[in-house]
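Working through the structure, step by step
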Amino acid sequence: QKHGFNTMTVKLFITDKIKQLVISAVLIAILTPLVIKIIEYGGKNFYIYLFVFIVILTFVMMWVVPNIIMPLFNKYEELEKGELRTKIYDLASQLKFPLKKLYIVDQSKRSTNSNAYFFGFGANKRIVLFDTLTKHLETDEIVAVVAHELG
């Protein structure tokens, strides 16, 4: 708050911490017994089975985190039709980036920082814009930020 970036209320901070605790507890409760079973089953070669499990878990979490966990903390909405949406889809098409959806997230309730990122893998990629971008930058500036994210 010293530099004016933080906009999070105490209530939001506490609810975020409770959500984080519950999610962590659920994941630990599910994953710990699975890891123990894998170690027991694998015997001397447990590390091979554990490695395979972790690789699979990584791909599962690549879907779970953005689709289930992240929406628990922020509101994601598809960017409304208009010039910005059109320009971003055109850029993605020009770069052969397989953009499936374009979201805006209500990050301003936590911070004044602006950002954009993409997630997904294969032909199912999505771009997320912080709402602070649309509040402080012009359309072409936002497209430049997205172009930076896309490489």
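Coordinates for the structure precede this section.
Residues numbered from 1 in each chain as written. Predicted model: local features only at pLDDT ≥ 70, side-chain atom pairs only at ≥ 80, totals over all residues. Heavy atoms only, no water.

1. Remarks on the pattern of salt bridges
Throughout the structure, instances matching the rule amount to eight salt bridges. Arg85 is the salt-bridge partner of Glu78, the closest N and O atoms lying 3.9 Å from each other. With relative accessibility at 41%, the residue Glu78 sits in the partly exposed group. Close ionic contact of Glu78 with Lys101 constitutes a salt bridge, the shortest N to O distance being 3.9 Å. Taken together, the residues Glu78 in strand 1 (residues 76-78) and Lys101 in strand 2 (residues 99-105) connect sequence positions 23 residues apart. With a relative accessible area of 32%, Lys101 lands in the partly exposed category. Within this structure, Glu78, Arg85 and Lys101 form a network of salt bridges that share partners. (Salt bridge = Lys/Arg side-chain N within 4 Å of Asp/Glu carboxyl O. Buried < 20%, exposed > 50% of the residue type's maximum accessible area, 1.4 Å probe, protein only. Helix = DSSP H or I, 4+ residues; strand = E, 2+ residues; numbered from the N terminus.)

2. Here we look at the side chain of Ser111
Here Ser111 shows up in the loop between strand 2 and strand 3 (116-119). Under the relative-accessibility criterion, Ser111 is labelled buried at 11%. A polar contact is formed between the side chain of Ser111 and the backbone nitrogen of Asn113, at a distance of 2.9 Å. With residues near it in sequence (within four places) discarded, Ser111 still touches Phe5, Thr7 and Thr132. (Polar contact = N/O pair within 3.5 Å; in protein donor to acceptor, adjacent residues only side chain to side chain. Contact = heavy atoms within 4.5 Å.)

3. Let's talk about the pairing of strand 4 (residues 125-130)
Taken across its six residues, strand 4 has six buried, putting it largely inside the fold. Residues Lys125, Ile127 and Leu129 line one face of strand 4 and the alternating positions Arg126, Val128 and Phe130 line the opposite face, and both faces are buried. Here strand 2 pairs with strand 4 via six bridges, running parallel. Residue Ile104 lies in a different strand from strand 4, and its bridge partner there is Leu129. With four bridges connecting them, strand 3 and strand 4 associate as antiparallel partners. Each residue of the ladder has a partner; that of Ala116, found in strand 4, is Leu129. (Pairing = 2+ DSSP bridges.)

4. What to know about the sheet that holds strand 3
If you walk across this open sheet you meet the four strands as 1-2-4-3, and the pairing is mixed. Every other strand in the sheet has two partners, leaving strand 1 and strand 3 as the edge strands with one partner each. Strand-to-strand twist in this sheet, taken as the mean axis angle between neighbours without regard to direction, amounts to 30 degrees. The pairing of strand 1 with strand 2 spans three bridges and is classified as antiparallel. Within the sheet, the bridge partner assigned to Glu78 lies in strand 2 and is Tyr103. Packed on one face of the sheet, helix 3 (residues 83-94) meets strand 1, strand 2 and strand 4 and runs near 140 degrees to strand 2. (Axes fitted to C-alpha atoms, helices over the stretch in contact; angles between N-to-C directions.)

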